[in-house]
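Breakdown of the fold
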Amino acid sequence: MRITVLSGGVGGARFTRGLLRLLRERLPDGDGGTRARVTVVANTGDDLWLHGVRVCPDLDTLMYTLGGAVHEEQGWGRREESRRVSRDLAAYGLGWEWFTLGDLDLATHLARTELLRRGEPLSAVTRRLARRWSLPVELLPMTDDEVETHVVTDEGTLHFEEWWVRHRAALPARGFLQAGVEGASPAPGVLEALAGADVVLVPPSNPVVSVGTILGVPGVRDALRAAPGPVVGVSPIVGGAPVRGMADACLTAIGVATDAAAVAEHYGRRVDGGVLDAWLVDDADAPAARHLSEAGWTAAAAPTLMTDEDAAARVAAAALDLVGRAP
Ligand code: FO1
């Protein structure tokens, strides 16, 4: 069984960790793993250069979460982290005090930057870094080209991380720009992962700046629409609010209501020119599932809060079940 996941950071990483737990249980390979093959295509629009190193927040959140090294409460960065280097950088008056790199995290960025400077594409670098963590998935950046999400506000255009972390998305966003996306192409393996998938999963990542950015890479949206397997998404909005993060600020910026049904309609049904075939909402939004079903959607409600790995496995099972692909 081949599954492809389009993922941002924390929500997508937790969902994928649950999916892998489900697959190990349902499709065991005999030595603790799964015979299913999972490819994760990650958003790289959050990426930035900081202190001369390339930081890839969503790739790193996926790598640390699936590699068992993530700081669980934060959902990003390494557990048992320290910040000696960032404190000393601050003494030089360098860096952003509101966005700091942990000492161990810095090793990842130094390794990535060293390999990039040797001329290796981000996809090859990511594969090399992932090997150290024995990741049970193929982890791909959406593109090998530098694409950064910039946020247009009344106080100027900011890198996404400044808007997200420094301003907590409280500065009204007038729009999102994916700088460099026009000339970008899907990373090697991305189109094949969509064309070869028995099912494509869209986890409860940010539909605008994470999944939306992936879909904005030339060729990806068309490949998703042409995917032979069903495409099923999980709502990141529960009871009218994002589960974590500030997806509501992003949705408002593009004129989409912060509502489980509105996000589905924003993605659109594949038969209507959109990208989804089915949509899973939380029990709290059962009326939204009914509304969508009446409009012809394959939609259902289930518990979708991924409070732990087991809960995330149940969310993955419900999503696969919705399109008749539960292993
Ligand atoms: N988020 C914060 O709220 N504060 C930070 O200082 C911070 C540092 C950081 C460093 C590396 C990295 O990969 C992620 C980091 N994040 C930080 C999280 C980041 O904002 C998120 O992972 C995503 O970009 C948003 O989903």
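The structure we're discussing is the one just above.
The text that follows walks through the structure, step by step, so that each part is easy to find. Along each chain, residues carry numbers from 1 onward, in the same order as the chain's sequence is written. Only residues with pLDDT of 70 or above have their local features reported here, since the model is predicted, and side-chain atom pairs are shown and tallied only from 80 upward, although totals for entire chains, interfaces and linings are computed over all residues. Just so you know, side-chain values use all the structure's heavy atoms and leave hydrogens and water out.

**Some details on the sheet that holds strand 7 (residues 156–159)**
Judged by pairing direction, the sheet is antiparallel, and its 3 strands sit side by side in the order 7-6-8 without closing on themselves. At either margin of the open sheet sits one strand with a lone partner, and together these are strand 7 and strand 8 (175–179). Ignoring strand direction, the axes of neighbouring strands in this sheet form an average angle of 30°. Each pair of strands is called paired provided DSSP finds at least two bridges between the two strands. Runs of E in the DSSP output that reach at least two residues are strands. Runs of H or I that reach at least four are helices, and both are numbered from the N terminus. The sheet contact formed by strand 6 (residues 148–153) and strand 8 spans 5 bridges and is antiparallel. Residue pairing for strand 8: glutamate 148 is matched across the bridge by alanine 179. Lines fitted to C-alpha atoms define the axes, with helix axes restricted to the stretch in contact, and inter-axis angles between N-to-C directions lie between 0 and 180 degrees.

**Comments concerning the site of the ligand**
Note on definitions. A residue lies near a molecule or strand when any single heavy atom of the residue is within 4 Å of it. Surveying the vicinity of the ligand reveals 13 residues, the closest of which are Asp46, Pro57, Phe99, Thr100 and Glu161. Pairs of N or O atoms within 3.5 Å make up the polar contacts considered here, provided that, within protein, one atom can donate a hydrogen while the other can accept it, and that residues adjacent in sequence are counted only when both atoms are side-chain atoms. Here threonine 100 contributes a backbone N or O atom positioned 3.1 Å from an oxygen atom of the ligand. Here glutamate 161 contributes a side-chain N or O atom positioned 2.3 Å from an oxygen atom of the ligand. All accessible areas in this document rest on Shrake-Rupley with a 1.4 Å probe, and a residue is counted as covered only by the protein chains that are shown. Protein burial of the ligand: of its 530 Å² of free accessible surface, 87% is covered by the chains. Among the elements that line the shell around the ligand, the one with the most residues is helix 6 (residues 160–166), at 3 residues.

**Thoughts on the sheet that holds strand 5 (residues 138–141)**
A sheet is described by the order of its strands in space; here 7 strands give the open sequence 5-2-1-9-10-13-14, paired in parallel fashion. With one partner strand each, in any of the chains shown, strand 5 and strand 14 (298–302) form the two edges of the open sheet. The sheet shows a mean angle of 20° between the axes of neighbouring strands, taken without regard to direction. Residues are treated as being in contact if the distance between any of their heavy atoms lies within 4.5 Å. Across the face of the sheet, helix 1 (residues 10–26) comes into contact with strand 1 (2–7), strand 2 (37–42), strand 9 (199–202) and strand 10 (231–234) while running at roughly 165° to strand 1. Sitting on the sheet, helix 11 (residues 260–267) is in contact with strand 9 and strand 13 (278–282), with an inclination near 160° to strand 13.

**Quick look at the packing of aromatic side chains**
Stacked, edge-to-face and tilted labels apply to pairs of Phe, Tyr and Trp rings (six-membered ring for Trp) whose centres lie within 6.5 Å, assigned for plane angles under 30 degrees, over 60, and everything in between, in that order. Taken as a whole, this structure holds 8 aromatic pairs when the rule is applied. A ring is scored as having a charge over it whenever the NZ atom of a lysine or the CZ atom of an arginine sits within 6 Å of its centre and within 35 degrees of its normal. Above the plane of the ring of tryptophan 133 lies arginine 132, whose end atom (NZ or CZ) is 4.0 Å from the centre.

**Description of the pattern of salt bridges**
Definition used for salt bridges: Asp or Glu carboxyl oxygen within 4 Å of a side-chain nitrogen of Lys or Arg. On inspection of all chains with the given rule, the structure shows 17 salt bridges. Among the ionic pairs, aspartate 277 bridges to arginine 270, the shortest N-O distance being 2.5 Å. On the accessibility criterion, arginine 270 (13% relative accessible area) is buried. A salt bridge links arginine 314 to aspartate 310; the shortest N-O distance between them is 3.2 Å. Highlighted residues: arginine 314 and aspartate 310, both in helix 13 (residues 309–322), separated by 4 residues, approximately one helical turn. Three labels apply to residues, based on accessible area from a 1.4 Å probe with only protein chains included: buried if under 20% of the type maximum, exposed if over 50%, partly exposed otherwise in between. Since its relative accessible area comes to 51%, arginine 314 is described here as exposed. Owing to a relative accessible area of 31%, aspartate 310 belongs among the partly exposed residues under this scheme.

**What to know about the packing of helix 2 (residues 57–66) against helix 4 (residues 103–117)**
Taken N-terminus to C-terminus, the directions of helix 2 and helix 4 make an angle of 120°; their axes are 12 Å apart at the nearest point. Classed by the angle they form, the pair helix 2 and helix 4 counts as oblique. In the crossing of helix 2 with helix 4, the sense of the turn from one axis to the other is right-handed. The residues of helix 4 that touch helix 2, namely those facing Asp60, Met63 and Tyr64, are Asp105, Thr108, His109 and Arg112. Classifying every residue of the contact of helix 2 with helix 4 by side-chain character gives 2 nonpolar, 2 polar and 3 charged. Our angle categories are set so that under 35 degrees counts as roughly parallel, over 145 as roughly antiparallel, 65 to 115 as roughly perpendicular, and the remainder as oblique. When the near helix sits turned anticlockwise from the far one by under a right angle, the crossing is termed left-handed; a clockwise turn instead gives a right-handed crossing. Polarity classes work like this: nonpolar for Ala, Val, Leu, Ile, Met, Phe, Trp, Tyr, Cys and Pro, charged for Asp, Glu, Lys and Arg, and polar for all others, with Gly in that last group.

**As for unusual backbone geometry**
With a phi close to 50°, glutamate 80 is a non-glycine residue in the positive phi region. Note that glutamate 80 resides in the loop between helix 2 and helix 3 (84–91). The residue serine 134 is not glycine, and still its phi comes out positive at about 45°. Tracing the backbone through its elements, the reader meets serine 134 in the loop between helix 5 (122–132) and strand 5. Given the relative accessible area of 61%, serine 134 is considered exposed.

**Here's the deal with helix 4**
Expected span of a helix: the number of residues minus one, times 1.5 Å. Between its first and last C-alpha, helix 4 extends 21 Å over 15 residues, near the 21 Å set by a 1.5 Å rise per residue. Taken as a whole, helix 4 has its buried residues at Asp103, Asp105, Leu106, Thr108, His109, Arg112, Thr113 and Leu115. Positive backbone phi, approximately 100°, marks glycine 119, located one or two places after helix 4.

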